[in-house]
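Observations on the model geometry
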Amino acid sequence: MPKLVFITLLLSLLSACTNTNWQTASRESSGLAAKPNIEKQAIIEFYGADAFSWRGWFAIHTWVAVKEQDASEYTVYEVTGWRVNRGLPALREYTTATPDRYWYGAKPEKILSISGDKAAKLIPKIKEAVKRYPWANEYTLFPGPNSNTFPTWIGLQIPELNLDMPFRAIGSGFASN
């Protein structure tokens, strides 16, 4: 019986800490990314933001954005679990002028930023690596594959990126399996 009381109390506490509604949480640009209509050079950026709700106490969600030279938008690659639950691939690709959007209310930080000639040379390698991502249709919160496995895997395929994922990128270790 004490175990049931503890679990009920813990669940109540956690649900009380989830007062943000994902449908109304901010998805605005954080202002971190260069505006593609102004910045013409090639850009690679890896972003991370606190995971939604109480999960953000422990983990981050990460994604990758690339902009080729003179491109009017970034191409963003990210992995999300709810896509799998809807019968879609976990890996999503889309274009946007704002790859630095808040992750459901959490302001992102840049994990890696490369621009200019080096970015121009590495973007085709990133695009090829994305096509080879072995878990594009899978998602498991822990131990992975998840949103942090994907950028880590890209970094392992392209050592020239010198990607160093944050400690809170739970699931990033799965990429070396």
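Below you will find a few notes about this structure. All figures in this text were calculated on a predicted structure; none of them were measured in a lab.

To continue, consider the sheet that holds strand S1 (residues 43–50). With antiparallel pairing, five strands are arranged side by side in an open sheet as S4-S3-S2-S1-S5. Of all strands in the sheet, those bounded by a partner on one side alone are strand S4 (91–96) and strand S5 (109–115). With direction set aside, neighbouring strand axes in the sheet form an average angle of 20 degrees. In the sheet, strand S3 (residues 74–79) pairs with S4 via six bridges, with the strands oriented antiparallel. When the bridges of S4 are listed, Tyr77 appears paired with Glu93. The strands touched by helix H4 (residues 149–157) within the sheet are S1, strand S2 (60–67), S3 and S4, with S2 carrying the most contacts at an inclination of about 50 degrees.

What follows concerns the nonpolar core. Ranked by size, the top nonpolar core spans 27 residues in total, and within it Ile44, Leu91, Ile126, Tyr133, Phe150, Ile154 and Leu161 carry the most contacts. At the level of secondary structure, the elements contributing two or more residues to this core comprise S1, S2, S3, S5, helix H3 (117–132) and H4. Take this core: its biggest share by element is six residues, from H3. Other than its neighbours up to four places away in sequence, Phe150 contacts Val64, Tyr77, Glu78, Val79, Leu91, Val130 and Tyr133. Counting residues in each nonpolar core, the second largest holds 12 residues, with Tyr47, Ala65, Val76 and Ala106 among its members.

On to unusual backbone geometry, then. Residue Phe142 is joined to Pro143 through a cis peptide bond whose omega torsion reads 10 degrees. Its location among the elements puts Pro143 in the loop between H3 and H4. Looking along the chain, the bond that leaves Gly144 and enters Pro145 is cis, with omega of 5 degrees. Within the chain, Tyr104 stands out as a residue other than glycine whose phi angle is a positive 45 degrees. Residue placement: Tyr104 occurs in the loop between S4 and S5.

Turning next to the packing of aromatic side chains. Counted under the stated rule, the structure contains nine aromatic pairs. Their ring planes at 85 degrees and their centres at 5.9 Å tell us that Trp82 and Tyr104 sit as a pair that is edge-to-face. Residue Trp82 is found in helix H2 (residues 81–85), and its partner Tyr104 is found in the loop between S4 and S5; the two are separated by 22 residues along the sequence. Relative to Tyr104, the ring of Trp103 lies with its centre 4.8 Å away and its plane at 80 degrees, an arrangement referred to as edge-to-face. Both residues of the pair, Trp103 and Tyr104, count as buried. Put simply, the rings of Tyr47, Trp63, Trp82, Trp103 and Tyr104 pair up and form one aromatic cluster.

Parameters at a glance
- Residues numbered from 1 in each chain as written.
- Predicted model: local features only at pLDDT ≥ 70, side-chain atom pairs only at ≥ 80, totals over all residues.
- Heavy atoms only, no water.
- Pairing = 2+ DSSP bridges.
- Helix = DSSP H or I, 4+ residues; strand = E, 2+ residues; numbered from the N terminus.
- Axes fitted to C-alpha atoms, helices over the stretch in contact; angles between N-to-C directions.
- Contact = heavy atoms within 4.5 Å.
- Core = buried A, V, L, I, M, F, W, Y, C linked by side-chain atoms within 4.5 Å.
- Buried < 20%, exposed > 50% of the residue type's maximum accessible area, 1.4 Å probe, protein only.
- Phe/Tyr/Trp six-rings, centres within 6.5 Å; stacked < 30°, edge-to-face > 60°.

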